[in-house]
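Architecture and fold: a report
Listed here are the chains, written in short residue letters.
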Amino acid sequence: MRAARILLVTAALAACAAAAPRSYRLPCTGTEDYRLNDGRDYRGLVNRTATGLICQPWASDVPHPHQIPADPTLGTAGDGNNYCRNPLPSAHDGPWCYTLSEAVPYQRCSVGLPCDPTRAPQIEPVSIEPTSSRQASPLTVTLSCATLGADIFVSTDGNDPTPSDETLYTGPFTINGGGMRPVRAVAYKDGMRASAVAVRAFALELPPLGPVLIRPTPPSDDYVYASPVLVTLEAPVPAADDSAASPPEVMVYYTTDGSSPTVSSPRYVPGSPFWVKENTVVRAVAFASGRAQSAPAAQAYRVDAPPAPQPHVRPNVPSGTVVYGAVEFAFTTPVDTPEYRVTVNGSPPMLLGAAPR
């Protein structure tokens with residue numbers, strides 16, 4: 001088996017640089033490089049017949065006259081060229097030559113079989129692990145081949161892999177994301193036929209969102225805060241998804257009335273903490289497109305804060321007094337007052353500000 005690392009074929013890699021191709025020698029059962037069964041394309045250096053007789057040069061008529069021209073296209077050119085050829089494929093089914101033996105005019109040569117991939121053994125198929133198609137993301141994929149010394153090439157873009165440095169498999173790799181994710185692999189080795197392309201499409205399921213973090217965390221379950229608590233909610237980070245252009249937006253919803261939060265509950269705005277001034281259970285849940293919602297998170301706060309002191313209003317205008325013109329009021333609150341509101345003529349209270357704590 002081969003050791004492990006991988007560079008996956010992706011659109012991004014293809015856009016960055018052309019893959020460095022790798023080549024493998026065609027499978028041949030003989031030592032000579034030719035491909036046609038009748039040997040007309042044989043241009044090797046064998047110059048003896050199958051029984052060991054030395055071949056007569058094609059440019060010579062001694063000892064056997066003939067009409068075959070010294071033609072480069074036939075492979076018979078050159079004064080010293082006495083190599084086996086088949087310039088007459090209609091009459092001979094393989095490379096041959098005239099011999100220097102007066103008793104044997106011509107004879108077949110032994111040049112091995114042509115380079116024909118169908119005659120060579122085929123590499124064993126690549127095994128893709130795990131074998132089950134439905135998996136959770138992220139998924140670690142392992143490839144192997146039973147043919148010793150075979151190189152494995154892999155792609156995850158849906159196309160058959162081609163031999164290159166970028167697609168060479170050298171170890172387990174990880175796939176992130178959801179939906180159908182294809183893995184295709186093929187093995188190559190000198191002198192053998194490439195393996196059949198192995199294919200496995202994994203149906204990946206993204207994990208649900210993690211829980212919302214509710215801060216602060218009380219030092220103990222029975223801890224009692226002596227003043228209002230400023231609560232912050234932290235959204236979970238969704239698991240990586242290589243198939244998505246950008247991570248989904250995570251939205252957090254919460255309640256403080258004991259009910260379970262839903263998308264109809266108040267939505268928490270990041271950077272906008274809120275005050276808890278009495279015994280309260282803060283509950284929160286996170287939602288994101290394409291992800292299962294988070295498990296509900298809850299944090300109980302016990303608050304035994306003294307009643308907020310009354311602010312001082314100046315000027316002190318008695319109730320029922322009729323005032324003509326504009327009156328400017330000044331409000332003074334204690335330093336430890338979390339916030340204060342004012343109402344005019346029975347209007348809803350308006351938050352004017354929060355005093356520093």
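See above for the structure.
First things first, this report covers the structure right here in the doc.

Parameters at a glance
Residues numbered from 1 in each chain as written. Predicted model: local features only at pLDDT ≥ 70, side-chain atom pairs only at ≥ 80, totals over all residues. Heavy atoms only, no water. Helix = DSSP H or I, 4+ residues; strand = E, 2+ residues; numbered from the N terminus. Buried < 20%, exposed > 50% of the residue type's maximum accessible area, 1.4 Å probe, protein only. Contact = heavy atoms within 4.5 Å. Phe/Tyr/Trp six-rings, centres within 6.5 Å; stacked < 30°, edge-to-face > 60°. Salt bridge = Lys/Arg side-chain N within 4 Å of Asp/Glu carboxyl O.

What to know about the environment of Phe274
With respect to the helices and strands, the residue Phe274 is situated in strand β15 (residues 274–276). Assessed through its relative accessible area of 12%, Phe274 is described here as buried. With residues up to four places along the chain from it excluded, the contact list for Phe274 reads Val229, Leu230, Val231, Leu233, Tyr254, Thr256, Tyr268 and Val282.

As for the packing of aromatic side chains
Pairs of aromatic rings are described using the distance from one ring centre to the other and the angle between the two planes. Enumeration according to the criterion identifies 16 aromatic pairs in this entry. Seen from their ring centres, Tyr24 and Phe153 are 6.3 Å apart, and the 80° between their planes marks the pair as edge-to-face. One end of the pair, Tyr24, is in the loop between α1 (11–16) and β1 (96–98); the other, Phe153, is in strand β6 (residues 151–155), with 129 residues separating them in the sequence. Owing to a relative accessible area of 21%, Tyr24 belongs among the partly exposed residues under this scheme. By relative accessible area, Phe153 is classed as buried at 0%. Centre to centre, the rings of Trp96 and Tyr106 are 5.7 Å apart; their planes meet at 65°, and the pair counts as edge-to-face.

Topic: the pattern of salt bridges
Under the criterion given, the structure shown has seven salt bridges. Note that Asp93 and Arg108 form a salt bridge whose closest N and O atoms lie 2.6 Å from each other. Of this pair, Asp93 sits in the loop between α1 and β1 while Arg108 sits in strand β2 (residues 106–108), and the two are 15 residues apart along the sequence. For Asp93, a relative accessible area of 56% translates into the label exposed. With a relative accessible area of 39%, Arg108 lands in the partly exposed category. In this structure, Arg267 and Glu249 form a salt bridge, with 2.8 Å as the shortest nitrogen-oxygen distance. Within this pair, whereas Arg267 is found in strand β14 (residues 267–268), its partner Glu249 is found in the loop between β12 (229–234) and β13 (250–255), the two being separated by 18 residues in sequence. A residue is classified by how much of its surface remains accessible, and Arg267, at 40% relative accessible area, is partly exposed.

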